[in-house]
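# Fold and geometry: a report
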Amino acid sequence: MAVSLFALALFLYLSLDLDHSSPFPASAAPEGNEITYGTVLKLMHEKTRFRLHSHDVPYGSGSGQQSVTGFPNVDDSNSYWIVRPQPDSSDKQGDTIKSGTILRFQHMRTRKWLHSHLHASPISGNLEVSCFGGDADSDTGDYWRLEIEGSGKTWRQDQRIRLQHIDTGGYLHSHDRKYSRIAGGQQEVCGVREKRPDNVWLAAEGVYLPIKGSQ
């Protein structure tokens, strides 16, 4: 896909933010490119085609933490997430990510982590998914296990995936039930403990880093 002006600006931001020692540039990925740590991407819910989204608005119930929703517009800048390893991991920017790996997603705009816990989600009463913490503030509530659907062993852009929350066992999930008091027709994102068609996601738009050492 062509690199947009926003993607170029995003790269300049990331080149300062992610890893000062990185010797390689970021690039927009064509379909099928491998996803590496440091990649900034949007996660698209396969069934509804909404993007995983967050902004600095708290839930009015449950934890009161920063809300996470599904957003219909492709060009929204609050739907970008940085793919990060666990804090104690030896994985570095540019390393590939195998199925079964535990990883984290940091919201690019607010710097908080994709998070879940036992609070009830606002619409369906499933597990609430929120954003929480910050650059130096992350815990096991931010850990998600990557499950690749099919025969692939490392995460590529064209693969269907599930993300299972480590602490609760819930899969990152969405559906077509929308919030009536949130602008833009945003839909609920939550966690459910069963594998369902509604908890499959795809890597969509983003700025993708090449495999470390490949250039």
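Note that the coordinates shown come from a computational prediction; the quantities given were computed from them, not determined experimentally.

## Overview of the overall build of the protein
Scanning the protein from N- to C-terminus turns up one helix and twelve strands. Helices and strands appear in the protein in the N-to-C order α-β-β-β-β-β-β-β-β-β-β-β-β. Counting every position in the protein, which comprises 215 residues, the buried fraction comes to 52%. In the form shown here, the protein has an accessible surface area of approximately 9,600 Å², with 50% of it arising from carbon and sulfur atoms.

## Overview of the pairing of strand S3 (residues 66-71)
Across the six residues that make up S3, a large majority, six, are buried. Taking every second residue as pointing to the same face, both faces of S3 are buried, with Gln-66, Val-68 and Gly-70 on one and Ser-67, Thr-69 and Phe-71 on the other. Note that strand S2 (residues 51-58) and S3 share five bridges and pair antiparallel. Bridging from a neighbouring strand, Ser-54 pairs with Val-68 of S3. As paired strands, S3 and strand S7 (residues 127-132) are joined by two bridges and run antiparallel to one another. Its bridge partner being in S7, Gln-66 is matched across the sheet by Cys-131.

## So, the side chain of Glu-128
By the secondary structure assignment, Glu-128 is in strand S7. Comment: no salt bridge for buried Glu-128; closest opposite-charge side chain is Lys-112, at 12 Å. Other than its neighbours up to four places away in sequence, Glu-128 contacts Tyr-59, Ser-61, Gly-62, Ser-63, His-115, Ser-116, His-117, His-119, Ala-120 and Ser-121.

## A look at the pattern of salt bridges
Overall, the coordinates contain eight salt bridges when judged by the stated rule. In this structure, the salt-bridge partner of Arg-162 is Glu-149, at a minimum N-O distance of 2.8 Å. Placement of the pair is Arg-162 in strand S9 (residues 161-165) and Glu-149 in the loop between strand S8 (144-148) and S9, with a sequence separation of 13 residues. Residue Glu-149 is classed as partly exposed on the basis of its relative accessible area, which comes to 26%. Across the salt bridge formed by Arg-196 and Glu-194, the nearest N and O atoms sit 2.9 Å from each other. The class for Arg-196 is partly exposed, based on a relative accessible area of 34%.

## Regarding the nonpolar core
Counting residues in hydrophobic clusters, the biggest one holds 27 residues, and the most contacted among them are Leu-43, Leu-52, Val-83, Phe-105, Leu-114, Trp-155 and Leu-172. Elements supplying a minimum of two residues to this core: strand S1 (40-45), strand S4 (81-85), strand S5 (102-107), S7, S8, S9 and strand S12 (201-207). The leading source of residues in this core is S8, at three residues. The contacts of Leu-43, once residues within four sequence positions are left out, are Phe-50, Arg-51, Leu-52, Phe-105, Trp-155, Ile-161, Leu-163, Trp-201, Leu-202 and Ala-203.

## As for the side chain of Ser-130
Topologically, Ser-130 is positioned in strand S7. Among the residues examined, Ser-130 registers a relative accessible area of 0% and is labelled buried. Among the polar contacts listed, one links the side chain of Ser-130 to the side chain of Gln-65, at a separation of 2.6 Å. Excluding residues that lie within four positions of it along the chain, Ser-130 makes contacts with Tyr-59, Gln-65, Gln-66, Val-68, Trp-113, Leu-114, His-115 and His-117.

The rules we used
Residues numbered from 1 in each chain as written. Predicted model: local features only at pLDDT ≥ 70, side-chain atom pairs only at ≥ 80, totals over all residues. Heavy atoms only, no water. Helix = DSSP H or I, 4+ residues; strand = E, 2+ residues; numbered from the N terminus. Buried < 20%, exposed > 50% of the residue type's maximum accessible area, 1.4 Å probe, protein only. Areas by Shrake-Rupley, 256 points an atom, 1.4 Å probe, with all protein chains shown as cover. Pairing = 2+ DSSP bridges. Lys, Arg positive; Asp, Glu negative; His and termini not counted. Salt bridge = Lys/Arg side-chain N within 4 Å of Asp/Glu carboxyl O. Contact = heavy atoms within 4.5 Å. Core = buried A, V, L, I, M, F, W, Y, C linked by side-chain atoms within 4.5 Å. Polar contact = N/O pair within 3.5 Å; in protein donor to acceptor, adjacent residues only side chain to side chain.

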